Amino acid sequence: MGSFVWGAITNFFTYETTKSVVVKSWSVGIINRIVQLLIISYFVGWVFIHEKAYQAEDTGIESSVMTKVKGFGYHNGRVMDVADYVFPQQGAGIFCIMTKVIVTKNQFQGYCSEVGGMFKCTKDEDCQKHMGTILSNGVITGVCLNSSNETKAFCESFGWCPAENDRVRVKPMLDVSNFTIFIKNSVRFPKFDVTRGNFISTMTSDDIKNCTYHPETNPYCPIFRVNDVLSYTNQSVRDLADKGGEIGINIEWKCNFDWDIEYCLPKYKFTRLDAPFAKNAISSGYNFRFAKYFLTENGTEFRTLHKAYAIRFDVMVTGKGGKFDIIPTLINLVAAFTSVGLGTVLCDIILLNFLKGADQYKAKKFEEVSAAQVDASFGRSPDSQLSLKPGIKSSYDSGAIFLDASDQPV
C-alpha cells in the first residue's frame, strides 16, 4: 500500500517536455505537407470569403421606404384607381393591392339571422347552448329564427344587420397584373457615416419614369410591374387574385467601402411569404375588412362593410457594410496558421500506428528519464544504453533526433 501511494505521489510530481523526432519518410512527409497546404488554403480562403478581413460589419443600417402604386382596373362594374384599391393610402413599406371586394350595404345595429349556416336550429334550445358565441357580424342571442324562405332556420345574432354573406361569387380584378410599384429607398450606414439611395447617379428623371425593373437588363430600375414581381416568385395574378397572398420584396445592400461609393448598389429579391399556408384550406390567402359609416336624417348610424381580398407587399431592407482593417486580418490569419498543427496530429497517428516500424518510432518519441539515470549517465561510457546509437544525429540547438525511415526494420 505504501509503495502504491509513493508511486502515485512521484507520478504526480513529474514534468513532460516535448521531444522532437524528425522522420525522413516520403509517405509521411508528403501527407504532412498536403494537409498543411489544405488547412492553410481553407482558412485563408475562409478569412476573405467570409469577409473576416474587414471591420465589424455594420448591419444596423437605418432605412426609409416610400412606395407608390399606379394603374386602373375594372371591378364590380366600377373603374378602380389607387384610392380604391391600395391600403394604406400613405404608401408605406407594407401595402396591399385589393383584387376582390365583397360589399354588404346598409348595415344597422339590430337582430338578424346569421348567414352561412354555422348554427342551424329547429327550436330555441338549440341556440341557447351557443348563447354568447361571437360571430363575424354579432353575438348569438339564443333565439332560433327561420330564414326568409322558411325552409331553413338559424340562430339569431345581435350586431350589424343584415349579416355579411362572404360566400357570394365575385370575379376578381385581373388588371392588377399591369399595375406598377414605385419604390424609393434610402439607407444609412451609421458606423461609416455613408448614405445611399436606390437611384443610381446616372439615371435621369425620364429614365426613372420610363424604365421597368428586370434582374439582368435593368437591375437598378425602381419601378416594378406587379405581374413581373409575382413571376419571380413562381406565382401569377390568377393564382392570388381570388384569395389574396403575401409577397416579400427584399432590398439587399452589401457594400465594400474600400471601393468607390458608387459601387454600393442594391439588389432586389422576391419571395412569397405565405407559401407555407398556400395549400391550407383554413387560413390561405390574405383578406381584411373595413367599413364606411353614415348617419340617417334622424341620426341613426349605419355602414357599408367591405371584405377585401388583396395581395400584400412587404418591402424589407437588409444590408451590411465593411472596410479593410489590418488588425482583424492579422488575428484571423494567425488563427489560420496555428491550425497547421492539425497536420502533425494526423501524421503522428499514421506514423505511430500504421507504418512499418511503428514500435521503433514510439520508442524514440516517448522516453522516460529519471534524475537518477541522468546522474548515472555522467559515469557511463559512450557505448552505454543512455548514449545515442550510431547513425542517430542529435541537434544541439533544439534537442531534435533525426531518424531515417530506410533504417527501420521492415
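Residues numbered from 1 in each chain as written. Predicted model: local features only at pLDDT ≥ 70, side-chain atom pairs only at ≥ 80, totals over all residues. Heavy atoms only, no water.

A. Region of interest: the overall build of the protein. On a plain count of helices and strands, the protein comes out with 11 helices and 17 strands. Looking at the protein as a whole, 36% of its 410 residues qualify as buried. For the protein, contacts bridging at least 24 residues in sequence account for 67% of all contacts bridging at least 6. A total of about 25800 Å² of accessible surface is found on the protein, and carbon and sulfur atoms cover 56% of it. (Helix = DSSP H or I, 4+ residues; strand = E, 2+ residues; numbered from the N terminus. Buried < 20%, exposed > 50% of the residue type's maximum accessible area, 1.4 Å probe, protein only. Contact = heavy atoms within 4.5 Å. Areas by Shrake-Rupley, 256 points an atom, 1.4 Å probe, with all protein chains shown as cover.)

B. Quick look at the state of the cysteines. Enumeration according to the criterion identifies 5 disulfides in this entry. In this model Cys112 forms its disulfide with Cys161; the gap between the sulfur atoms is 2.1 Å. In this structure, the disulfide formed by Cys112 and Cys161 twists by about -80° around the S-S bond and is classed as left-handed. Of this pair, Cys112 sits in strand S6 (residues 94-113) while Cys161 is found in strand S8 (residues 153-161), placing the two residues 49 residues apart along the sequence. Judged by its relative accessible area of 12%, Cys112 is buried. A residue is classified by how much of its surface remains accessible, and Cys161, at 10% relative accessible area, is buried. For Cys127, the disulfide goes to Cys155, at an S-S distance of 2.1 Å. (Disulfide = S-S within 2.5 Å.)

C. Highlighting the pattern of salt bridges. Evaluation of the coordinates by the stated rule reveals 13 salt bridges. Between Arg289 and Glu164 there is a salt bridge; the shortest N-O distance is 2.8 Å. With Arg289 in strand S14 (residues 287-295) and Glu164 in the loop between S8 and strand S9 (180-189), this pair connects stretches of sequence that are 125 residues apart. Among the residues examined, Glu164 registers a relative accessible area of 7% and is labelled buried. Sharing partners across several salt bridges, the network here consists of Glu164, Asp166, Arg289 and Lys307. (Salt bridge = Lys/Arg side-chain N within 4 Å of Asp/Glu carboxyl O.)

D. Layout of a nonpolar patch on the surface. Taken together, Phe4, Val5, Trp6, Ile9, Phe12 and Phe13 make up a surface patch of nonpolar side chains, about 760 Å² in accessible area. Among the structural elements, Val5 can be located in helix H1 (residues 2-12). (Patch = residues over 30% accessible without salt bridge, like charges linked within 9 Å, V, L, I, M, F, W, Y side chains within 5 Å.)

E. Highlighting unusual backbone geometry. Of note, the amide linkage connecting Phe87 to Pro88 takes the cis form, showing an omega dihedral of -10°. Relative to the helices and strands, Pro88 is located in the loop between strand S5 (86-87) and S6. Omega for the bond connecting Cys161 with Pro162 falls within 30 degrees of zero, at 0°, which places this linkage in the cis form. Within the secondary structure layout, Pro162 lies in the loop between S8 and S9. Phi at Asn234 is positive, roughly 65°, even though this residue is not glycine. As for its placement among the helices and strands, Asn234 is situated in the loop between helix H6 (226-232) and helix H7 (237-240).

F. Highlighting the pairing of S6. Relative to S6, S5 runs antiparallel, the two being bridged by 2 bridges. Bridging across to S6, Val86 finds its partner in Ile97. Count of turn residues in the S5/S6 antiparallel hairpin: 6 residues, of which Gly91 carries a positive phi of about 75°. Sheet analysis places S6 next to strand S15 (residues 301-322), joined by 12 bridges and oriented antiparallel. Of the residues in S15, the one forming a bridge with Val103 is His306. (Pairing = 2+ DSSP bridges.)

G. Representation of the packing of aromatic side chains within the structure. Considering all chains together, one arrives at 21 aromatic pairs under this definition. Ring plane angle 75° and centroid distance 5.2 Å describe the contact between Phe189 and Phe257, whose orientation is recorded as edge-to-face. Of this pair, Phe189 sits in strand S9 while Phe257 sits in the loop between strand S12 (245-256) and strand S13 (266-272); the two residues are 68 residues apart in sequence, bridging distant segments of the chain. Taken as a pair, Phe189 and Phe257 share a single burial class, namely buried. Taking 6.0 Å as the distance between ring centres and 50° as the angle between the ring planes, the aromatic pair formed by Tyr286 and Phe288 counts as tilted. Looking at Tyr286, the relative accessible area reads 18%, which means it is buried. Each residue in the set Tyr213, Phe224, Tyr232, Tyr268 and Phe270 is aromatic and connected to the rest through ring pairs, giving one cluster. The positively charged end of Lys100 is found above the aromatic ring belonging to Tyr309, 4.4 Å away from the centroid. (Phe/Tyr/Trp six-rings, centres within 6.5 Å; stacked < 30°, edge-to-face > 60°. Lys NZ or Arg CZ within 6 Å of the ring centre and 35° of its normal.)

H. Structural view of the side chain of Ser177. Mapping Ser177 onto the fold places it in the loop between S8 and S9. Ser177 gets classed as buried once you look at its relative accessible area, which sits at 15%. Apart from residues no more than four positions distant in its own chain, Ser177 is found in contact with Arg225, Val226, Asn227 and Val237.

I. Examining the side chain of Thr104 more closely. With respect to the element layout, Thr104 can be found in strand S6. Taking relative accessible area as the criterion, Thr104 reaches 9% and is therefore assigned buried. Beyond its immediate chain neighbours, meaning those up to four positions away, Thr104 contacts Pro162, Ala163, Glu164, Asn165, Arg303, Thr304 and Leu305.

J. Examining the environment of Cys155 more closely. For Cys155, the position within the fold is in strand S8. For Cys155, a relative accessible area of 0% corresponds to the buried category. Cys155 sits 24 residues away from Met131 along the chain, and the two C-alpha atoms are 9.2 Å apart.

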